Amino acid sequence: MTASTASARAAAPASRGTGRPATAVRLRAAVAQGSPALLSLVALVVIVAIAAAIQPGILSVTGLSLMLMSAVPLVFAAQAQMIVMSVGDIDLGIGNLVGLVTVIAATVLATSPLLGVVLLAGVPAVYAVLAVIVQKRGVPSIIVTLGMSFVWLGLGLQLLPTPGGATPAWLTAIGSWRSTVVPPPLAFIAIAAVLGWWIVRRSRAGARMRALGSSAATLDKAGWSPTRTRVTAYVFAALLIVVSGLLLAAQTRSGDINSASNFTLTTIAAVILGGGTFSGGRALPIGTALGAVTLGLISVLLSLVALPSSMQAGAQGVIVLAVLAGRIVTERFSR
C-alpha cells in the first residue's frame, strides 16, 4: 500500500467522524448566519399582510410609500449603529444626533448653506475624536456617547428651542419625490442596505472592523492599527447618521431635536433582530435593514388595528420580544 493511498483512507474516516462534509458545514453556517435576517423578513411579511387585510390600499405603490416612509431614516441610523456595534461598541447618542442634524438642516443649512455644510462635516470629525478617546483612554463607548447625547441635545435646543424652521428646496424635493413604478422608500432602504454591505462586508476596512470586534489582539498582531480601525468605523457611522438626519428633515420639512429620540434604542434592537451581537465581530447589513423596517412598521400596524395609544408601547415591546425569542430558537436549531 502506497503512502498516498494510506493517507487517503485515513482521511476518509476522519471526515466521516465529523458527521458532515465540508459543503454541508458551510451551508449550515450560512443558514445560521442568515436565519435572523430570514426571521425578520418573515415578521415583516406578516406585518404587511395583516396591514393589507385591514387596509387593502396599502399594497399599492402609494400605500407602501406612506407605510414605509418613516422607516427610511431609521434604516440609515440602524446601519450606523451596526457599524459601531461591529467593533464591540454601542452609540447611545444616535437619537439626539439625528435630531440635531434635522435642526441644522432646517436652520443653518437653509440660511447659510456653507456654514451648514461645515457643521455637518464636523460630525464625523467629532466621532473620530470619540473613537480615539474610547481606544486610547479605555473609556467605555456607552459613557462617551451618552455624554455626547446631552451635548447634541443642548446644541439642538440652542439652535431651535421649539420645532420649526424650513429645509432647503433641494432637500424638500428629495422628501417629496414620488414614483408610480416603485415606492421611493424601498429605493432608499435598498441604498442603505447596499452601503452597509459594502462598508462592512466588501471593504478592507470592514474586515478590520469585524476583526477588532471579535479579536482585537489578533488585529494588532496582524499589523493593523486598532485606533485607526475604530476611527474608521466611527466616521462611517457618523456619515450614515448625517444622512439619516437629512432624510428625516426632508420628510418633515422642519427641524426638531426630539424628532428621533427613540432611534437610540430602536437601532440597537434592529441590529440585534438582524443578527448582530453586543460583543462585536458580526455585522449583517441586510438583516439590520429588515429589522429596522420591521420595527418601524410595528407602530403603523398598531395604529391600523386602532389599539389605544396607552397600550401601543407595551404591545410593541411584546412583539419585539417574540421576534427575538424566535431568533434564539432558529439559531439553536440551525447549529
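Residues numbered from 1 in each chain as written. Predicted model: local features only at pLDDT ≥ 70, side-chain atom pairs only at ≥ 80, totals over all residues. Heavy atoms only, no water.

### Examining the overall build of the protein
Within the protein, the secondary structure is distributed over 16 helices and zero strands. Every one of the 335 residues in the protein was classed for burial, and the buried ones make up 45%. Considering only intrachain contacts with a sequence separation of at least 6, the fraction spanning at least 24 residues in the protein is 80%. Entry remark: accessible area of the protein is about 15,900 Å², with carbon and sulfur atoms responsible for 69%. (Helix = DSSP H or I, 4+ residues; strand = E, 2+ residues; numbered from the N terminus. Buried < 20%, exposed > 50% of the residue type's maximum accessible area, 1.4 Å probe, protein only. Contact = heavy atoms within 4.5 Å. Areas by Shrake-Rupley, 256 points an atom, 1.4 Å probe, with all protein chains shown as cover.)

### Description of the environment of W152
As for its placement among the helices and strands, W152 is situated in helix α8 (residues 141–159). On the basis of relative accessibility, which here comes to 5%, the residue W152 falls in the buried class. In this structure the C-alpha to C-alpha distance between W152 and G95, which are 57 residues apart in sequence, comes to 9.3 Å. What W152 contacts, discounting residues up to four positions off in sequence, is G93, N96, L97, L100, V126, Y127 and I257.

### What about the environment of P124?
Summarising the element assignment, P124 is placed in helix α7 (residues 113–137). Judged by its relative accessible area of 12%, P124 is buried. Linking P124 and L240, residues 116 residues apart in sequence, is a C-alpha distance of 9.7 Å. Discounting chain neighbours no more than four positions away, the residues touching P124 are V235, A238 and L239.

### Things to note about a nonpolar patch on the surface
Residues L38, L41, V42, V45, V46, I50, I54 and V305 make up a contiguous nonpolar surface patch of about 630 Å² in total accessible area. Relative to the helices and strands, V45 is located in helix α2 (residues 22–54). The exposure class of V45 is partly exposed, given its relative accessible area of 49%. (Patch = residues over 30% accessible without salt bridge, like charges linked within 9 Å, V, L, I, M, F, W, Y side chains within 5 Å. Salt bridge = Lys/Arg side-chain N within 4 Å of Asp/Glu carboxyl O.)

### As for the packing of aromatic side chains
This structure, assessed with the given rule, holds two aromatic pairs. Each ring, one from Y127 and one from Y234, has its centre 6.1 Å from the other, and the planes form 50°; the classification is tilted. Note that Y127 is positioned in helix α7 and Y234 in helix α13 (residues 226–252), a separation of 107 residues in sequence. Accessibility classification places Y127 together with Y234 in one group, the buried group. (Phe/Tyr/Trp six-rings, centres within 6.5 Å; stacked < 30°, edge-to-face > 60°.)

### With respect to the packing of helix α10 (residues 184–202) against helix α11 (residues 204–214)
A packed helix pair is summarised by two numbers, namely the angle formed by the two axes and the spacing between the axes. Where α10 contacts α11, the axes come no closer than 5 Å and their chain directions differ by 70°. Taken together, α10 and α11 sit at an angle that is classed as roughly perpendicular. Note on element contacts: α11 touches α10 through R204, A205, G206, A207, M209 and R210, opposite I199, V200, R201 and R202. Residue composition of the contact of α10 with α11, grouped by class: five nonpolar, one polar and four charged. (Axes fitted to C-alpha atoms, helices over the stretch in contact; angles between N-to-C directions. Parallel < 35°, antiparallel > 145°, perpendicular 65-115°, else oblique. Nonpolar A, V, L, I, M, F, W, Y, C, P; charged D, E, K, R; others polar.)

Coordinates in, geometry out; function isn't part of it.
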